[in-house]
Amino acid sequence: MELYQLTLDELDTLTEGCSYIFEQAAYMSLKTKSFQNHLSTTAMNEDKIKVFITVWEQGGEMYMESLKNQQFGYPPLVKDIRWELHLPLASSTTKLDRAPKAQIEFAYDVPKNAIQPSSVQAQTSKNSLPLDRQPNRLLFEMNHKELSDFAKQIELIQGQLDSLSS
Amino acid sequence: MDRHPEIKRFIGMVGNIPQQKQWRELLQTTLNHHRNRDTFGIEPITKLRDSLGLSEDVFSALYTGMFCLIGQMIRNHTRKGTVPLETALAEELQPLALPEKYAKELISGFTHYEKSLTSSAYAHIPHHPSIEQFRWRTEVTISTSSVNRILKPSILIELRLTNGRKQLLSLNMNQFHHLRYIVAVLLKQMADIENDELINRDVKILPGVTEIV
């Protein structure tokens, strides 16, 4: 503030103004040329417009990407997917089974202030989650047949995505 | 099987069951016990003991022996071998030297209930829940309050597991492709394992595991 010799109010107006300009640019997903055109219709000096353009060129893309990826937090976004392939050898009741099992675990994020439907909260409170599984992890296993069925469903989803883009 | 201490004692006590009918009763109760491990109460066992009219020691040795014997039979035959079940069982029971009629009854009872015995044996093993229902939805985010036109696809999935847990999750495109890759890798590895010569050999005894009962 001392650097520019502004009052608090003036600094406030300055930052608010600049943020507004960038927010609007992001909202309309402006490219550099159209941004420049828009700015030149305002009563701004050329050199100031140049500054805006340079900053936009450097950080504009990243800013827009982060805005696009903003989430409300519900439904929880999957953060990580882990897997394990098991080959049971023996157990208390069976022997030499050799039917491989696949285990898949989803790790997901639930932000603190996220919207949660009341049914989910009721579920997680009375659900007896195994103690060694932290919350926000979903683990399940499948044998070969179940895994093929799952894969079929995934292929269906992929087919839908392909028809979206075509 | 003949080296199992409970079974050895059992064989010694078979003389206490002179009648075929009693053998059949013992067999039925034990088979039902194996089929419903979790829900089997104490009443059928006490009823059996009263109907057989044997002393505590003799009865407990007989019952435990029969139970272990059937357990071992289940253990050895959960996988489909190349030999038909009855011949394989007859061969296994050979060294035990049971009276012929009794052995036949045992084999026929076992083969009759084979499916439910194997499924209850598998249910008894510790395992993670598996997927009961998998629902999904493809979504496209058209715009938000911050950006006018986004047009970003994502996937919404709802999984319900066999332990009752229900979870709604959303996957962005990267995660979905990662999942697809994982599933493909797992399928391939599973197929490789199942076709692997070394693993599929029909080995009767796993070295080092004979002491586990």
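Cut-off values and rules
- Residues numbered from 1 in each chain as written.
- Chains lettered and ligands numbered in written order.
- Predicted model: local features only at pLDDT ≥ 70, side-chain atom pairs only at ≥ 80, totals over all residues.
- Heavy atoms only, no water.
- pLDDT = per-residue confidence, 0-100.
- Contact = heavy atoms within 4.5 Å.
- UniProt positions renumbered as here; feature names shortened; annotations may be inferred.
- Helix = DSSP H or I, 4+ residues; strand = E, 2+ residues; numbered from the N terminus.
- Buried < 20%, exposed > 50% of the residue type's maximum accessible area, 1.4 Å probe, protein only.
- Pairing = 2+ DSSP bridges.
- Axes fitted to C-alpha atoms, helices over the stretch in contact; angles between N-to-C directions.
- Parallel < 35°, antiparallel > 145°, perpendicular 65-115°, else oblique.
- Left-handed = near helix turned anticlockwise from the far one by under 90°.
- Nonpolar A, V, L, I, M, F, W, Y, C, P; charged D, E, K, R; others polar.
- Phe/Tyr/Trp six-rings, centres within 6.5 Å; stacked < 30°, edge-to-face > 60°.
- Expected span 1.5 Å × (residues − 1).
- Buried area = accessible area lost by both parts, 1.4 Å probe.
- Salt bridge = Lys/Arg side-chain N within 4 Å of Asp/Glu carboxyl O.
- Polar contact = N/O pair within 3.5 Å; in protein donor to acceptor, adjacent residues only side chain to side chain.
- Domains from an automatic or database assignment.

(A) How the structure looks around the confidence of the model for chain A. Counting all residues, the mean pLDDT for chain A is 81, and 83% of those residues have values of 70 or more. In this model residues 125–134 of chain A is a low-confidence stretch, pLDDT under 50, and it forms five contacts with partners more than four residues away in sequence or in other chains.

(B) Seen up close, the UniProt feature "domain: COMM" (unreviewed entry) in chain B. Under the UniProt annotation, "domain: COMM" (unreviewed entry) lies at residues 130–194 of chain B. Annotation note: span residues 130–194 of chain B, helix share 34%, strand share 42%, distance between end C-alpha atoms 20 Å.

(C) Region of interest: the side chain of B:Gln167. Mapped onto the elements, B:Gln167 comes out in strand 3 (residues 166–171). Excluding residues that lie within four positions of it along the chain, B:Gln167 makes contacts with A:Pro76, A:Tyr108, A:Leu138, B:Ile157, B:Glu158 and B:Leu159.

(D) Seen up close, the pairing of strand 2 (residues 101–109) of chain A. Residue and element names in this part refer to chain A. Most of strand 2 sits out of view: seven of its nine residues are buried. One ladder, built from nine bridges, connects strand 1 (residues 77–86) with strand 2; its direction is antiparallel. Bridged to Arg82 within strand 2 is Glu105. Inspection of the sheet shows strand 2 paired to strand 3 (residues 137–142) by six bridges, in the antiparallel sense. Residue pairing in the sheet places Ile104 in a bridge with Phe140 of strand 3.

(E) Summary view of the packing of helix 2 (residues 20–35) of chain B against helix 4 (residues 56–76) of chain B. Residue and element names in this part refer to chain B. One can describe the packing of helix 2 onto helix 4 by two numbers: an axis separation of 10 Å at closest approach and a directional angle of 55°. Taken as axis vectors, helix 2 and helix 4 run oblique relative to one another. In this structure, helix 2 crosses over helix 4, and the sense of that crossing is right-handed. Packed against helix 2, whose contacting residues are Trp23, Leu26, Leu27, Thr29, Thr30, Leu31, His33 and His34, the element helix 4 presents Tyr63, Met66, Phe67, Ile70, Gly71 and Ile74 at the interface. Tallied by class, residues from the contact of helix 2 with helix 4 come to nine nonpolar, five polar and no charged.

(F) Here's a closer look at the packing of aromatic side chains. Applying the stated rule across the entire model yields nine aromatic pairs over all chains. Plain terms: the ring middles of A:Phe22 and A:Phe35 are 6.4 Å apart, the flat faces sit at 50° to each other, and that makes the pair tilted. Highlighted residues: A:Phe22 in helix 1 (residues 8–27) and A:Phe35 in helix 2 (residues 32–41), separated in sequence by 13 residues. For the pair shown, A:Phe22 and A:Phe35 are each scored as buried. Centre to centre, the rings of B:Trp23 and B:Tyr102 are 4.6 Å apart; their planes meet at 10°, and the pair counts as stacked. Of this pair, B:Trp23 sits in helix 2 while B:Tyr102 is found in helix 6 (residues 100–112), placing the two residues 79 residues apart along the sequence. Owing to a relative accessible area of 0%, B:Trp23 belongs among the buried residues under this scheme. Linked through ring pairs, A:Phe22, A:Phe35, A:Phe52 and A:Trp56 together constitute an aromatic cluster.

(G) Up close: the environment of A:Asp109. All names here are of chain A. Looking at the secondary structure, you find Asp109 in strand 2. In this structure the C-alpha to C-alpha distance between Asp109 and Thr93, which are 16 residues apart in sequence, comes to 38 Å. Once you skip the residues sitting within four places of it in the chain, Asp109 turns out to touch Pro76, Leu77 and Lys79.

(H) Quick look at helix 6 of chain B. Residue and element names in this part refer to chain B. Its 13 residues place the ends of helix 6 18 Å apart at the C-alpha level, agreeing with the 18 Å of an ideal helix rising 1.5 Å per residue. Buried within helix 6 are the following residues: Tyr102, Ala103, Glu105, Leu106, Ile107, Gly109 and Phe110. Each element contacted by the buried residues of helix 6 is listed here: helix 2, helix 4, helix 5 (85–93) and helix 7 (114–123).

(I) Examining the interface of chain B and chain A more closely. With 66 residues of chain B in contact, the opposing surface of chain A contributes 64 residues. Carbon and sulfur atoms make up 66% of the surface buried where chain B meets chain A, a total of about 6,200 Å² over both sides. If you look at where chain B meets chain A, you find one salt bridge. Of the charged contacts in the structure, one is a salt bridge between A:Glu155 and B:Arg180, with a shortest N-O distance of 3.2 Å. Scanning the region where chain B abuts chain A turns up 16 residue pairs in polar contact (both at pLDDT 80 or more). Elements with a contribution of two residues or more to the side of chain B that touches chain A: helix 4, helix 7, strand 1 (131–141), strand 2 (152–161), strand 3 and helix 8 (173–195) of chain B.

(J) Up close: the domain arrangement of chain B. When cut into domains, chain B gives domain 1 (5–124) and domain 2 (131–197). Of note, the centres of domain 1 of chain B and domain 2 of chain B, computed from C-alpha atoms alone, are 47 Å apart.

(K) Just the confidence of the model for chain B, in detail. Residues and elements named next belong to chain B. Confidence in the prediction for chain B averages 82 pLDDT; 89% of positions are at 70 or higher. Note on residues 206–213: pLDDT under 50 across the span, and seven contacts to partners over four residues away in sequence or across chains. Across the assembled chains, the prediction reports ipTM 0.77 with pTM 0.75.

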